[in-house]
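Descriptive analysis of the structure
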Amino acid sequence: MNKTKSVDTLETAVAHSRYDEYRDSEVDWLGEIPAHWDCVKLKWLLSRNESGVWGDEPDSGEESTVVLRSTDQTVDGEWRINDPAERKLGKEEVEYALLEEGDLLVTTSSGSEKHLGKTSYVNSHVAEIGACFSNFMQRLRTRQKFNPKYLYWILNCPIGRRQFNYYGSSTTGLANLNSTVISRLDIPLPSQEEQSIIAAFLDRETGRIDALIEKKERLIDLLEEKRTALISRVVTKGLDRDVEMQDSSVEWLGRIPSGWEIVPLKYISDIETSGTWGEDLDETFGEKSRELPVARVSDIGWNGEVIHEDMPSRKLTESEAERYSCQPGDILVVKASGSAKNIITGRTAQVQSDKDFAFGNFLLRLRAGKDVNERFLFHFVSSSWVQQEIERMVATTTYPNLKVDEYRSFAVPLPTVEKQKKIAAYVDRRISEVDQLIDRAEEGIKRLKEYRTALISAAVTGQIDVGEEVGMATVE
């Protein structure tokens, strides 16, 4: 059999690295496995299969123990222990639930199919914490002749996760797992030596894939920073870097091009400071009414566009519909995010389509005046300068709500209409170029993740013989 260090696709890897002989596993979701492999129920491979503890809230200064929860795991089973829970546990509880290197922790209860069954491997760094695990997780400890890292890869690939969701739902009627459900999982079983080879192969190859993904994610971050800096610079400094500058008399704006004016936002736009929510569709009015979609905070996209797909329909009076309807060019701004932990106040989107809809009462609407280019205005109010001022503004409130009067008085650096149009066109063109690069990077990440998942599934089911030194695919 030919060995290959690098392949173009997983299909190429399979073609070059198959085992010599296969047999039917007699399990639908496994299909064929290498002829010398077994297929067994997970319960025969475990020495421990048990749920965790939670204990009590420790008093100030009282001794506590870290208790890991499902929130300390990522969706693909990696650790993200940023804010671990400190709990008061009894001596027997600590002895029972103390984690050891090689243990596996499975999330047994979740409202999301993506998170149910996610499994993390207790490595030496996690074991050194001296942590226990919570009662919504299951600790699996393998028998001596079964490699726990090999099991980790099985449980985190589609072969394992599909079984978790199938057995969890069919056994309990809800998406929950327990020791009985976990014990039923079908596990493809090579020799102990092959388990170690497969686990080491996947550690190495997924590490290389993850490094590429991280590199592309850093590129996206840099491109987004570039886009933000570009907008903020051009809408406050113009296109001519050699132009004479003047003091704006606004601390956060600094110097602006000579000839630009500083005008309060309320003088150059019509500002409707609150929208409407209307009534349920089955309500009746004493006057004529209209059924209209109404934009919510969640319909204001991060990319500056209004999201129409799931916008709810509401019943509005004719006067409400006329007052709060939106038209192309209107700018919608989130004025209240409702959560101190998820501050999205100030998020801004511009209406691009001619779809008929109104805006809700946690938003405000800007409509550019006759001497203002609506696209220039949008780029300014969504710029980092304005967003930073909004962050400063909401930091002084109990909840992250926009101070509407202060927002209406925002100082806008305003060139002539012709210059506004040129600046807006330049920004749109440059943003499009940057967004295309971001799209390419995101597509590359998507393909890498798909390849990673397929590679894990192929390795743990014996569809590729990793002893043939299959290398990582070239995925760009």
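To be clear, the structure that these remarks concern was listed above.
Basis of the calculations
- Residues numbered from 1 in each chain as written.
- Predicted model: local features only at pLDDT ≥ 70, side-chain atom pairs only at ≥ 80, totals over all residues.
- Heavy atoms only, no water.
- Helix = DSSP H or I, 4+ residues; strand = E, 2+ residues; numbered from the N terminus.
- Buried < 20%, exposed > 50% of the residue type's maximum accessible area, 1.4 Å probe, protein only.
- Axes fitted to C-alpha atoms, helices over the stretch in contact; angles between N-to-C directions.
- Parallel < 35°, antiparallel > 145°, perpendicular 65-115°, else oblique.
- Left-handed = near helix turned anticlockwise from the far one by under 90°.
- Contact = heavy atoms within 4.5 Å.
- Nonpolar A, V, L, I, M, F, W, Y, C, P; charged D, E, K, R; others polar.

1. Some details on unusual backbone geometry
If you check the backbone angles, Glu-26 has positive phi at about 65° while not being a glycine. Relative to the elements of secondary structure, Glu-26 occurs in the loop between strand S1 (22–24) and strand S2 (32–34). Accessibility expressed as a relative area gives 71% for Glu-26, which makes it exposed. Here Ser-249, not a glycine, exhibits a phi torsion of approximately 65°, which is positive. Take Ser-249: it is sitting in the loop between strand S12 (245–247) and strand S13 (255–257).

2. Remarks on the packing of helix H4 (residues 148–155) against helix H13 (residues 417–460)
Across the interface, H4 lies against H13 with an axial gap of 9 Å and an inter-helix angle of 125°. The angle between the axes of H4 and H13 places the two elements in the oblique class. Taken as a pair, H4 and H13 cross one another with a handedness that is left-handed. Note on element contacts: H13 touches H4 through Arg-452, Ile-456 and Val-460, opposite Tyr-150, Trp-153 and Ile-154. In terms of residue class, the contact of H4 with H13 is made up of 5 nonpolar, no polar and 1 charged.

3. Some remarks on the packing of H4 against helix H7 (residues 192–237)
Contact geometry for H4 and H7: axes closest at 8 Å, N-to-C directions at 60°. The angle between H4 and H7 falls in the class oblique. Seen along the crossing, H4 lies across H7 with a hand that is left-handed. Across the interface between the two elements, Lys-149, Tyr-150 and Trp-153 from H4 touch Gln-195, Ile-198, Ala-199, Leu-202, Asp-203 and Thr-206 from H7. For the contact of H4 with H7, the per-class residue count stands at 5 nonpolar, 2 polar and 2 charged.

All we've got here are geometric facts, nothing functional implied.
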